[in-house]
Amino acid sequence: MTRHAILLAAVSGLALTSAAGAYAQTTETSQVEEVVVTGVRKSLRDALAVKQGSDKVVEAISAKDIGILPDVTIAESIARLPGVNATRDRGNDSQAVVRGLGARLVLGTINNREVASSEPDRNVRWEIYPSEVVSGVQVYKSQSADLIAGGVAATINIDTIAPLDYRGPAFVLRAGPVFYDGGKDIPNYGTTGYRGSGSFVHKLNDDLAVVLGVTAQRQKNGYGSFTGWGYNDSNARPPAGASDYSSDLNRDGKVDYTPWGAQMSASRIDQKRTGISGGLQFKPTDRFELKADALYSKIKITEVQDQTVWGANNWGNWNRGDGTNTGWNDADYHAAGASFTLINNAVVAGRLPFSSVQTVLAKYSEDKDLFAGGLNGKWTGDQWTVTADASYSKAKRKNTWKAVRFEAWPAWTTFDWRAGVTPTITTSDESIKLSQTADLAGSHDGPERLNDELKAAALDFARDFGGDSVFKSVQFGVRASDRTKDHTRFTFSPAATGATVPASLLSAYKLSDGANVPALLTGDIDKIAAVAYAAGAFDLKNASEDLGSRWAVNEKVYEGFGKLNFAGDGVGGSWVTGNVGARLVHTETSSDGMQQDAASAFKAVTIDNSYTDLLPSANAKLDFGDGKLIRLGVAKVIARPPLDELRASRTLANWSPWTGSAGNPKLKPFEAIQFDASAEYYFRPEALVAISYYYKAVDSYIGWKQTPATFNGQTYTVASPANGGSGHIQGAELTFQTPFFFLPGPLSKFGIYSNYAYVDSNLKEFSPVNNPLRMTGLAKNTATVDLWYSNAGFEARLGWKYHSPMTVIYGWNGSDLQTLQTEKTLDFSSSYQVNERIGVRFQVNNLTNQELRMYRDNDPNRIGRYDSYGRRFLVDVTLKF
């Protein structure tokens, strides 16, 4: 029996079992309508009401009181939900990982609309959405035919404020300083920023209301980051007959591998985010309602970087050979005074003579904008409901990186970054004491531009059957979207003069947290560039386009769905509600790009692709009364490939080892058949104990493979995304939350919110070939424990978050897979409502200064990244009137 047949049988069985009936289910929107909330404790209660009332397996956040969420970005709130993790970027929670599946398999929506993204793929960086504009969040873990296709892991939807439904104060103002201690040791850098917001909700009459919100935030979240550059077996091995880059260092008859080098960077970050949101709600009659909403968010990042590079590929002698002994680097590792430590045939510590130490002074800038808006009209008759929705979103990003390089040569350098050891590097002389020679080319990477534009329209119908029929209502509708994402990049490298950098232009400093490395050099980039390069070296007229980075992908999606809702008496005296339906999705893509042959010439190509998927689904909720529920769901789900991986471009390295990189316009979507089951007991207001289980049978995963290909007689090892990796993923989630009503006196004002998730899978990435990584995003164990207190206007929360190691994509290169080690973070927040109009809040994030550590090649001894972000302190005052 095929998987499609199994799914259809399961759908039919579920429908027959549950179809003792279903009360009239209108739309998910009506199910998740919420009442006015005040305070975090009431928000917990309303979030449970959303979860309890839904026919799907869903987690929710409720924050109808503007600005109540205790987080700087909505990502931090999402990450505390059961089975949800978030990866950190520059110290902030950013992209969401759900049920062991990475961000590529999470669909993000605003007001149930797909939105454009300034990321190369489809991923949503949730920190772009200020928590002040959010009235609620739903994380749909099971699927239904009326949900937009694309969430294999989950669909995360953000709701903005509907002004006619709002019952809070008309004006809400909030402002205060934000202090980051991660950059406290960086000279000429202030670490205090700010956060402010204002909102206005006004009802022009009983039928018409508007909402307007503005936000502004400045983060000075500087930090130190140590990076390992990988090993000479990390990427594609050279083709047969080419030179190897390793040797038998300890003479045991086995090949040993050596590192390319390492880097330490201290970043002075100045990140500004401004946003404006608006909404209009018009309801002239009980039968007609019109909503319009728009959100604009702009982020501007300036990052000045002081970097030190050790090893510097072949020229630093961590990976260089003198040709006097066998092997590429054998002579250096056996030179007088040299030593090394091998673990798993890789050098993880050593002492090497005459090793290059490069200083890189750089400046990075990034501007990104997001606009997302839409218009929604709803007409309700005696039996029919018609809903029309049109939306438009556009995201843009422009980034530039320029760098000045110079180097010195101490007598020797040592390094040690094995597992369990703080990465450590020492040199015979501090760099500030050595002569610095400007003999290295500079870099100007950019301007790099990315644009993403998405237009969509949907028309839905619902008919209420009424009466005593088992089947209560039917929903059906269509949706069409047109999305185009394009990318260009320019670059150039100023030639070095070979001059000596005057010592008067340099100073040195050390960071007290993070990796243990020599003092970093710093100085004025422009003044040093005047010595290191010719006048006008960084003039943009010198830039040329990197043709291999030019690509565009257009994606048209046409969807139609039908959904039958049922209700009635079920087994064991339960009341059963649910639905059965299907969604048909047809996708057409057109990919443009520049392809390189063995020569340096590029040619433009266009490659088209199309595919159609039928996605049946069924859900049932068995309500046994007294807050006891069981949910069941089964569905086929898809997630379309990352847009950048659909690019038609290809680049080749015209030197040994002969490697290349390419997109794959013929990729098919991620596919899975999933089963969900959940048992829940709502035993008091704000109180829940629940256990859920899920199983996903994956037919088509997308990962990166290295494949030999021949161009003009030369064989290359080309890395590109490919379908494959069938297998399964399954897991269980436990949730327990309650106020301590059973304790006497003041102790009853305390409570707990906690969850634990376990994930298991036989799915693997495609690399490293000899020891593949676990699937991206899969952390076997995840836990959250929040202890809270609420009484007489004072509230406090101590939150602990844990996840075990998981594979992540760090940065914009989908092929750069690393393992993020276990993280345990502790946060604290408190607030006091002085009176009806004035409130104050204090918050500390990352109390224990949990460092981020990654490793490469599935080996904890091969350092990938070691960041120390420090703590974040926030104080603000809220005014309501």
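Since the model is a prediction, treat every value here as computed from it, not as a measurement.

## Some points on the overall build of the chain
- Regarding its fold elements, the chain presents 6 helices and 45 strands.
- Within the chain, the fraction of its 881 residues that count as buried is 58%.
- Within the chain, contacts between residues at least 6 apart in sequence are counted, and of these 74% link residues at least 24 apart.
- Per element, the accessible surface of the chain, about 32600 Å² overall, is 57% carbon and sulfur.

## Considering the pairing of strand S8 (residues 154-159)
- For S8, a buried count of 6 out of 6 residues is recorded, marking the element as mostly surrounded by other parts of the structure.
- Side chains of S8 alternate between two faces, with Ala-154, Ile-156 and Ile-158 and Thr-155, Asn-157 and Asp-159 buried alike.
- Two strands pair when backbone bridges link them, and strand S5 (residues 106-110) and S8 are joined in this way by 5 bridges, in the parallel orientation. Across the sheet, Leu-107 pairs through a bridge with Thr-155, a residue of S8.
- Strand direction decides the pairing type here: strand S7 (residues 136-140) and S8, joined by 5 bridges, are antiparallel. Residue Val-139 lies in a different strand from S8, and its bridge partner there is Ile-156.

## So, the nonpolar core
- Trp-126, Tyr-129, Ile-156, Phe-226, Trp-318 and Trp-417 are the most contacted members of the largest nonpolar core, which has 90 residues in total.
- Apart from residues lying up to four places away in sequence, Trp-417 is in contact with Phe-226, Tyr-231, Pro-259, Gly-261, Ala-262, Trp-318, Val-347, Val-348, Pro-423, Arg-853, Asn-861 and Ile-863.
- Counting residues in each nonpolar core, the second largest holds 15 residues, with Val-404, Ala-438, Ile-528 and Ala-537 among its members.

## Topic: the environment of Thr-302
- Locating Thr-302 in the fold gives a position in strand S14 (residues 288-310).
- When its relative accessible area of 24% is taken as the criterion, Thr-302 is described as partly exposed.
- Along the sequence, Thr-302 and Tyr-364 sit 62 residues apart, while their C-alpha atoms lie 5.9 Å from each other.
- What Thr-302 contacts, discounting residues up to four positions off in sequence, is Arg-268, Ile-269, Asp-270, Lys-363 and Tyr-364.

## Focus: the environment of Glu-119
- With respect to the helices and strands, the residue Glu-119 is situated in the loop between strand S6 (113-114) and S7.
- The sequence separation of Glu-119 and Asp-644 amounts to 525 residues, and the corresponding C-alpha distance is 9.0 Å.

## Considerations on helix H6 (residues 525-532)
- Among the residues making up H6, those that are buried are Ile-525, Ile-528, Ala-529 and Ala-532. Seen along its axis, H6 keeps its buried residues to an arc of 105°; they face one direction. Facing away from the buried side of H6 by over 90 degrees, the exposed positions are Asp-526, Lys-527 and Ala-530.
- Turning to H6, the residues buried within the fold contact strand S17 (357-380) and strand S18 (384-408).

## With respect to the pairing of strand S32 (residues 670-684)
- Where strand S29 (residues 628-639) lies against S32, 12 bridges are found, and the strand directions are antiparallel. Within the sheet, the bridge partner assigned to Ile-630 lies in S32 and is Ala-679.
- Of the pairings in the sheet, the one linking S32 to strand S33 (residues 687-711) comprises 12 bridges and is antiparallel in character. Each bridged residue has a counterpart across the sheet, and for Ala-677 the counterpart in S33 is Tyr-693.
- Two successive antiparallel strands, S32 and S33, enclose a turn made up of 2 residues, where Glu-686 displays a positive phi of approximately 70°.

## Describing the sheet that holds S8
- Pairing in this open sheet of 5 strands is mixed, and the strands run S2-S7-S8-S5-S6 from one edge to the other. Two strands bound the open sheet, and with one partner strand each, they are strand S2 (58-62) and S6.
- Sheet topology note: the S2/S7 ladder contains 5 bridges and is antiparallel. By the bridge assignment for S7, Ile-61 is matched with Val-137.

## Side note on the side chain of Thr-385
- Note on placement: Thr-385 falls in strand S18.
- You can call Thr-385 buried: its relative accessible area is 16%.

## A look at the confidence of the model for the chain
- Residue-level pLDDT values for the chain average 86, and 89% of them are 70 or greater.
- pLDDT under 50 marks residues 321-328. Its contacts with residues more than four places away, or in other chains, come to 19 contacts.

## Some remarks on the sheet that holds strand S20 (residues 424-427)
- One open sheet holds the 4 strands; their spatial order is S15-S16-S19-S20, and the pairing between them is antiparallel. The outermost strands of the open sheet, each flanked by one partner alone, are strand S15 (339-343) and S20. Neighbouring strand axes in the sheet, compared pairwise and without regard to direction, differ in orientation by 10° on average.

## Thoughts on the side chain of Asp-786
- By secondary structure assignment, the location of Asp-786 is in strand S37 (residues 781-791).
- At a separation of 3.5 Å, a polar atom in the side chain of Asp-786 contacts the side chain of Arg-797.

Cut-offs applied
Residues numbered from 1 in each chain as written. Predicted model: local features only at pLDDT ≥ 70, side-chain atom pairs only at ≥ 80, totals over all residues. Heavy atoms only, no water. Helix = DSSP H or I, 4+ residues; strand = E, 2+ residues; numbered from the N terminus. Buried < 20%, exposed > 50% of the residue type's maximum accessible area, 1.4 Å probe, protein only. Contact = heavy atoms within 4.5 Å. Areas by Shrake-Rupley, 256 points an atom, 1.4 Å probe, with all protein chains shown as cover. Pairing = 2+ DSSP bridges. Core = buried A, V, L, I, M, F, W, Y, C linked by side-chain atoms within 4.5 Å. Arc of directions from axis to C-beta. pLDDT = per-residue confidence, 0-100. Axes fitted to C-alpha atoms, helices over the stretch in contact; angles between N-to-C directions. Polar contact = N/O pair within 3.5 Å; in protein donor to acceptor, adjacent residues only side chain to side chain.

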